[in-house]
Amino acid sequence: MDDPVPNEFQLNLLERDIQRQMKSGVDVDAAYMVYGAVRLLRSDVEGFEKAMENALRLSSSLLVRLNYAILLRTACRLSDSLKASIELAEKYPGDFEVLSEAARSASATLRYDLAERFIDMLDKLKAPEMYAAKERSLLRLPERARLRERMAESGLTYEDLAQVMEVASAVVARRFKIAGGWTTGITPDGTMRVTICVVGQTDDIVETSFEIADAVVAANLDHVGEVLTIACMGMPK
């Protein structure tokens, strides 16, 4: 899971500091980037987009673009996050942080084939194993061999799994605006289990899990349920 979300008091202090920095005219691009993150944590997706548009307009900084790719995942825009991460990896193929983020983004989208590619790139650069550490551990699970077998038996690809994640993330975005994190595991029988963490009322969280299942069926992707289950959980308000 991702780091804990700052509380309201911390967000207020941060927003005040950002406004001061914007007025100072120093590192305004970075200020807009952080402001965008704050707006997103307040579930203001429109404010996030506007702030990031300004940050990207003012700067060609790798830091701004890398953080934008990461924040897109929080906004439940998994495919956009993956696309942005891949573009950065192609532009900066020797950057450990960029490749690590690309592996994380691919893993979050369940594109383990792409995650392996980026980890291979890190290995060829002799990057320390701290980079993409969680993704390395997941890909090395012995249960993953059974998952691959079951996918082959069912004629499923990682693209199929990614489609289901896209459907699920769209449901979460509609109900909660943002996701607090994603956890993934593989059971001994080779079933992948994904948990999307959100903050909301318990009833809403439970209903969202059912809505995800309905949306997957409506998208004619229920056959992927043979190897993948997705549910929501989180802390009540």
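Everything below is about the structure printed above this text.
A. Spotlight on the overall build of the chain. Scanning the chain from terminus to terminus reveals eleven helices and three strands. Reading the helices (α) and strands (β) of the chain from amino to carboxyl end gives α-α-α-α-α-α-α-α-α-α-β-β-α-β. By the compact-globule yardstick of 18 Å for 237 residues, the chain fits well, its C-alpha radius of gyration being 19 Å. Considering only C-alpha atoms, the chain reaches an extent of 60 × 45 × 25 Å along its principal axes. Sorting the 237 residues of the chain into buried and exposed places 44% on the buried side. A sequence separation of at least 24 residues applies to 64% of the contacts in the chain between residues at least 6 apart.

B. The pairing of strand 1 (residues 181-186), seen in detail. Judged from the six bridges that link them, strand 1 and strand 2 (residues 192-199) form a sheet pairing that is antiparallel. Counted as the bridge partner of Thr183 is Thr195 from strand 2. Where strand 1 folds back on strand 2, the antiparallel hairpin that results is connected by five residues, among which Gly190 adopts a positive phi of roughly 90°.

C. Spatial organisation of the nonpolar core. Counting residues in hydrophobic clusters, the biggest one holds 52 residues, and the most contacted among them are Leu161, Val172, Ile196, Ile212, Leu228 and Ile230. Here this core gets nine residues from one element, more than from any other, and that element is helix 10 (residues 158-176). Those residues in contact with Val172 that lie beyond four places of it in its chain are Cys76, Lys177, Ile178, Ala179, Ile196, Val198, Thr208, Ile212 and Cys232. Counting residues in each nonpolar core, the second largest holds 14 residues, with Met33, Met52, Ala55 and Leu72 among its members.

D. Geometry of the packing of helix 10 against helix 11 (residues 202-218). Running from N to C, helix 10 and helix 11 point in directions that differ by 140°, and their axes come no closer than 9 Å. By the angle between their axes, helix 10 is oblique relative to helix 11. As for the relative orientation of helix 10 and helix 11, their crossing is right-handed in sense. Contacts between helix 10 and helix 11 pair Val164, Val167, Ala168, Val171, Val172, Arg174, Arg175 and Phe176 from the former with Asp204, Ile205, Glu207, Thr208, Glu211, Ile212, Ala215 and Val216 from the latter. Here the contact of helix 10 with helix 11 is built from residues that sort into ten nonpolar, one polar and five charged.

E. Molecular detail of the packing of aromatic side chains. Tallied over the full model, the rule gives three aromatic pairs. Taking the centre distance of 6.1 Å and the plane angle of 35° together, the rings of Phe48 and Tyr68 count as tilted. Within this pair, whereas Phe48 is found in helix 3 (residues 45-58), its partner Tyr68 is found in helix 4 (residues 62-74), the two being separated by 20 residues in sequence. Given a relative accessible area of 17%, Tyr68 falls into the buried group.

F. Seen up close, the packing of helix 4 against helix 5 (residues 78-91). Between helix 4 and helix 5, the least distance of the axes is 7 Å, while the angle of their chain directions is 155°. What the angle tells us is that helix 4 and helix 5 run roughly antiparallel. Handedness of the helix 4/helix 5 crossing: left-handed. Within the contact between the two elements, helix 4 uses Leu62, Arg65, Leu66, Ala69, Leu72 and Arg73 and helix 5 uses Leu78, Asp80, Ser81, Ala84, Ser85 and Leu88. In the contact of helix 4 with helix 5, the residues fall into seven nonpolar, two polar and three charged.

G. The arrangement of unusual backbone geometry in detail. Its identity is not glycine, yet Ser43 carries a phi of approximately 65°, on the positive side. Structurally, the position occupied by Ser43 is in the loop between helix 2 (28-41) and helix 3. Not every positive phi belongs to a glycine, and Asn220 is a case in point at roughly 60°. Its location among the elements puts Asn220 in the loop between helix 11 and strand 3 (228-235). Asn220 gets classed as exposed once you look at its relative accessible area, which sits at 59%.

H. Focus on the pattern of salt bridges. Tallied over the full model, the rule gives 18 salt bridges. In this structure, Lys50 engages Glu46 in a salt bridge whose closest nitrogen and oxygen atoms are separated by 3.3 Å. Highlighted residues: Lys50 and Glu46, both in helix 3, separated by four residues, approximately one helical turn. Take Glu46: its relative accessible area is 54%, and that puts it in the exposed class. Notably, a salt bridge pairs Arg77 with Glu49, separated by 1.9 Å at the nearest N-O pair. Of the two residues, Arg77 sits in the loop between helix 4 and helix 5 while Glu49 sits in helix 3, which places them 28 residues apart along the sequence. Residue classification places Arg77 among the partly exposed residues on the basis of a relative accessible area of 26%.

Each value, and the rule that gives it
- Residues numbered from 1 in each chain as written.
- Predicted model: local features only at pLDDT ≥ 70, side-chain atom pairs only at ≥ 80, totals over all residues.
- Heavy atoms only, no water.
- Helix = DSSP H or I, 4+ residues; strand = E, 2+ residues; numbered from the N terminus.
- Rg over C-alpha atoms; globule rule 2.2 N^0.38 Å.
- Buried < 20%, exposed > 50% of the residue type's maximum accessible area, 1.4 Å probe, protein only.
- Contact = heavy atoms within 4.5 Å.
- Pairing = 2+ DSSP bridges.
- Core = buried A, V, L, I, M, F, W, Y, C linked by side-chain atoms within 4.5 Å.
- Axes fitted to C-alpha atoms, helices over the stretch in contact; angles between N-to-C directions.
- Parallel < 35°, antiparallel > 145°, perpendicular 65-115°, else oblique.
- Left-handed = near helix turned anticlockwise from the far one by under 90°.
- Nonpolar A, V, L, I, M, F, W, Y, C, P; charged D, E, K, R; others polar.
- Phe/Tyr/Trp six-rings, centres within 6.5 Å; stacked < 30°, edge-to-face > 60°.
- Salt bridge = Lys/Arg side-chain N within 4 Å of Asp/Glu carboxyl O.

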